[in-house]
Amino acid sequence: MIRRATIRSTVADPETIAEALAPDNTDQIETTVDENEVHTTIERETTAGLRSTADDYVMNLSVAIEVAATANRHDTNERSDPTNT
């Protein structure tokens, strides 16, 4: 029996987040973008495997969101800094 979980995450830049997560996708993970959401479906044969993969994915998602937010703040600050020419 296959266990399946779908995680939907509403984020500011879903394409960037999905691209950041892509290297961690395996045959059991499918990530797509729908408007302002990242949808990830995980399929595993065991409940423990599903839990472990989902836990890893959520950690990677959290890091990707934080890195994208930090990069956006940095980019925004550079563009608005009049001393940065």
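K.L.:
Can you walk me through the overall build of the chain in this structure?
P.N.:
Counting secondary structure elements, the chain contains two helices and three strands. Reading the chain from its N end, one meets helices and strands in the order β-α-β-β-α. Buried residues in the chain amount to 24% of all 85 residues. For the chain, the exposed surface amounts to about 6100 Å²; the carbon and sulfur share of it is 48%.

K.L.:
Would you mind going over a nonpolar patch on the surface with me for this structure?
P.N.:
A cluster of nonpolar side chains, Met 59, Val 63 and Val 67, forms an exposed patch at the surface whose accessible area comes to about 290 Å². Looking at the secondary structure, you find Val 67 in helix α2 (residues 47-80).

K.L.:
Please clarify how the nonpolar core should be interpreted in this entry.
P.N.:
As a rule of thumb, nonpolar side chains are buried together in soluble globular proteins. Counting residues in hydrophobic clusters, the biggest one holds 12 residues: Ile 7, Val 11, Ile 17, Leu 21, Ile 29, Val 38, Ile 42, Leu 50, Ala 54, Tyr 57, Leu 61 and Ala 64. Residue assignment for this core shows that the elements contributing at least two residues are α1 (14-21), β3 (37-44) and α2. When residues of this core are assigned to their parent elements, the largest contribution, five residues, is made by α2.

What counts as what
Residues numbered from 1 in each chain as written. Predicted model: local features only at pLDDT ≥ 70, side-chain atom pairs only at ≥ 80, totals over all residues. Heavy atoms only, no water. Helix = DSSP H or I, 4+ residues; strand = E, 2+ residues; numbered from the N terminus. Buried < 20%, exposed > 50% of the residue type's maximum accessible area, 1.4 Å probe, protein only. Areas by Shrake-Rupley, 256 points an atom, 1.4 Å probe, with all protein chains shown as cover. Patch = residues over 30% accessible without salt bridge, like charges linked within 9 Å, V, L, I, M, F, W, Y side chains within 5 Å. Salt bridge = Lys/Arg side-chain N within 4 Å of Asp/Glu carboxyl O. Core = buried A, V, L, I, M, F, W, Y, C linked by side-chain atoms within 4.5 Å.

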